[in-house]
Amino acid sequence: MYLITKLKEECCGCTACKSICPQKCIKMERDEYGFLFPVITDAVRCISCGLCEDVCAFTRKKEVKEEPDCFYGWHKNQKTRYESTSGAAFVAITEVCNKLGVSEFYGAAYDDELMVHHIGVNQLSDLSSLKTSKYVQSEMGEVYENVMNSLKKGNKILFSGTPCQVDGLKSCVRGKYKEQLITIALICHGVATPMGYKKYLNDIERKQDDKIKRVQFRVKHPQHDLLTCELDSGNVYEDKDQTYMMTFGMGLLHRISCFSCPYTTPYRNVDFTISDAHGLIQYYPSLKEEIPRGVSCVIAHTKTAKKMILDISEIMKLKKVPLEQVQNQYQPQLSKPLEYNPKRERFLKKIIIGNKSFEKCAKREIFLWKKKMIFKNRVKKIFKIDF
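Please read these numbers as outputs of a predicted model, since none were measured by experiment.

Thresholds, definitions, all that
Residues numbered from 1 in each chain as written. Predicted model: local features only at pLDDT ≥ 70, side-chain atom pairs only at ≥ 80, totals over all residues. Heavy atoms only, no water. Salt bridge = Lys/Arg side-chain N within 4 Å of Asp/Glu carboxyl O. Helix = DSSP H or I, 4+ residues; strand = E, 2+ residues; numbered from the N terminus. Pairing = 2+ DSSP bridges. Axes fitted to C-alpha atoms, helices over the stretch in contact; angles between N-to-C directions. Contact = heavy atoms within 4.5 Å.

1. Focus on the pattern of salt bridges
Side-chain pairs of opposite charge can arise whenever the charged atoms involved come near each other.
Part 1 of the argument: A complete count under the given rule lists 22 salt bridges for this structure.
Part 2 of the argument: Of the charged contacts, one joins lysine 79 and glutamate 83 as a salt bridge, the two residues approaching to 2.6 Å between their closest N and O atoms. Of the two residues, lysine 79 and glutamate 83 both sit in helix H4 (residues 78-83), 4 residues apart, roughly one turn of that helix.
Part 3 of the argument: For glutamate 359, the salt bridge identified is with lysine 207, shortest N-O distance 3.0 Å. Here the residue glutamate 359 occupies a position in helix H13 (residues 358-383), and lysine 207 occupies one in helix H8 (residues 194-208), the gap between them amounting to 152 residues.
Part 4 of the argument: Salt bridges here are not isolated pairs; linked through shared partners, they connect Lys207, Asp241, Glu359 and Lys363.

Okay, here's the thing in structure tokens:
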């Protein structure tokens, strides 16, 4: 546990320890790369109750063994589907939750500075801010405390986030209140530093001599998904070189705990897991025409989720598939954590501490990575070596 060991790989920044502390003597502070870690602010006030250790994801045993039900599909409303990152599974689940009496919906949204924070909304009409993927760590603030207080008032809540964020909240919710909470986790490929993300945006604004007013990751595009920035002038910047998404995919922006993530499994303490339907086209070739429009993978883990699938199928076109097909080579984070990139530390120091150009540093690392991959493929073909 980070509060004891001070090992950064033992903290995902979920804020469960801060939220459960009865003495309120834990707060979150940023490290040099912008990641939040818990700190005991007043050791005298600490009563050594052990609750912070009890809720920590890296000390708590996980014994989820129930076999999940897996599906792929998409929202039947084509406009809703197009406006979502993949097949709009998140929207469909929220629509069903609304019919079941859920009155508050929590998820990641942009603030006025385009930074990502978790917020709660009370109406389906406000859900647009929670939709679409955001490849940066979302800050919780007081969200866990707000959720727990609302549950105590009798409200039903839907909470969505990364697996560690969801599990962190569920570890804080006790007793009968668990029945009022429905959760959605992602097949998460790790979380990026907010400082690195902000540096990327600042460099674009300086280069374009314009202010960014809207960011959208993975806009559906005829060739590939693009990160786009809408500018105050009305112009749209498209990152056609994919500098942010490539460095993210290479593991250069990630929180250190992502490389030892305990949630890279299809057996999870959540109701639903959702993601793109990566890799399923190899089993269902007819998906080739649907993938550009967006296809979701939906995994129902609990009895509650499996019961809801019937209602979800009225909103989505769903097909049930075996777990072993979902847990394929194109969904590696259902089997193992992201592989650590030894260049991560140097890259973060350059762009954050050294204030070097994000674009220039990223293009250099992407070039070297592509060069390495070309060499590996050539060696593999000649000597038939499997790296």
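2. Brief notes about the sheet that holds strand E6 (residues 157-161)
Part 1 of the argument: One open sheet accounts for 8 strands, arranged E5-E4-E6-E7-E11-E12-E3-E13; its pairing is mixed. For this open sheet the edge positions go to strand E5 (116-121) and strand E13 (316-321), each flanked by a neighbour on one side alone. Within the sheet, the average angular offset between the axes of one strand and its neighbour, ignoring direction, is 25 degrees.
Part 2 of the argument: Direction of pairing for strand E7 (residues 181-186) relative to strand E11 (residues 272-276): parallel, over a ladder of 3 bridges. Directly across from isoleucine 184, in E11, lies its bridge partner phenylalanine 272.
Part 3 of the argument: Packed onto the sheet, helix H7 (residues 163-172) meets E5, E6 and E7 and runs at close to 155 degrees relative to E7.

3. Things to note about the environment of threonine 41
Part 1 of the argument: Relative to the helices and strands, threonine 41 is located in the loop between strand E2 (36-40) and helix H3 (51-55).
Part 2 of the argument: Residues threonine 41 and lysine 27, 14 residues apart in the sequence, show an inter-C-alpha distance of 6.8 Å.
Part 3 of the argument: When neighbours within four sequence positions are excluded, threonine 41 is seen to be in contact with Cys25, Ile26 and Lys27.

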